[in-house]
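Structural features, examined
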Amino acid sequence: TSWSFTSSSHSSPRGAEDKTANMTPEQQIEHQRRLEISRRRKLQHQQDMKKKQKPSKLQQIRDGYESLVCAVIRPPRSRYNQKDLGPPTIRLDSGIEVERSDFS
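Rules used in this analysis
- Residues numbered from 1 in each chain as written.
- Predicted model: local features only at pLDDT ≥ 70, side-chain atom pairs only at ≥ 80, totals over all residues.
- Heavy atoms only, no water.
- Salt bridge = Lys/Arg side-chain N within 4 Å of Asp/Glu carboxyl O.
- Helix = DSSP H or I, 4+ residues; strand = E, 2+ residues; numbered from the N terminus.
- Buried < 20%, exposed > 50% of the residue type's maximum accessible area, 1.4 Å probe, protein only.
- Patch = residues over 30% accessible without salt bridge, like charges linked within 9 Å, V, L, I, M, F, W, Y side chains within 5 Å.
- Areas by Shrake-Rupley, 256 points an atom, 1.4 Å probe, with all protein chains shown as cover.
- pLDDT = per-residue confidence, 0-100.
- Contact = heavy atoms within 4.5 Å.

By the definition in use, this model includes five salt bridges. Here Glu 36 makes a salt bridge to Arg 39, at a shortest N to O gap of 2.5 Å. Placement of both Glu 36 and Arg 39 in helix α2 (residues 25-52) is noted, with a separation of three residues, approximately one turn of the helix. When its relative accessible area of 43% is taken as the criterion, Arg 39 is described as partly exposed. Notably, a salt bridge pairs Glu 36 with Arg 40, separated by 3.1 Å at the nearest N-O pair. Here Glu 36 and its partner Arg 40 are both found in helix α2, four residues apart, which amounts to about one turn of the helix. Ionic contacts of the salt-bridge type, sharing partners, join the residues Glu 30, Arg 33 and Arg 34 into one network.

The next thing to look at is a nonpolar patch on the surface. A cluster of nonpolar side chains, Tyr 65, Leu 68, Val 72 and Ile 73, forms an exposed patch at the surface whose accessible area comes to about 460 Å². Residue placement: Val 72 occurs in helix α3 (residues 57-73). A relative accessible area of 57% places Val 72 in the exposed class.

Looking now at the environment of Gly 86. Within the fold, Gly 86 resides in the loop between α3 and β1 (89-91). Assessed through its relative accessible area of 29%, Gly 86 is described here as partly exposed. A C-alpha to C-alpha distance of 9.7 Å links Gly 86 and Arg 100, two positions 14 residues apart in sequence.

Time to look at the confidence of the model for the protein chain. On average, residues of the protein chain carry a pLDDT of 80, and 82% of them reach 70 or more. Ranking the helices and strands of the protein chain by mean pLDDT puts strand β2 (residues 97-99) first, with 93, and helix α1 (residues 16-21) last, with 68. In this model, residues 7-13 is a region of pLDDT below 50 whose contacts with residues beyond four sequence positions or in other chains number four contacts.

Below, the discussion takes up the environment of Thr 20. Mapped onto the elements of the fold, Thr 20 is located in helix α1. Distance in space between the C-alpha atoms of Thr 20 and Gln 32 is 9.5 Å, their sequence separation being twelve residues. Ignoring any residue separated from it by four or fewer positions in sequence, one finds Thr 20 in contact with Gln 28 and His 31.

Have a look at this one:
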């Protein structure tokens, strides 16, 4: 069995050469510009979809653990005014006087 192949102007694998073959240089430039815009939109869409994906179960567990650590083990510092802390010196029931030393 022998096979013979004939070339045809319509046998281009992607057909890109056929589309631009009869175009003026200006039309070819415009065509290339539109292809580039289309490529950029597809790329942007892919990046947007990656951002919208839900985190994996493992990442959700890690995030939950980190939130727990921050809330319970290392809570955020509270800020107080000096008057909220009470007097700097107090006398205990045993008669001992205690002085508070504030620092920041």
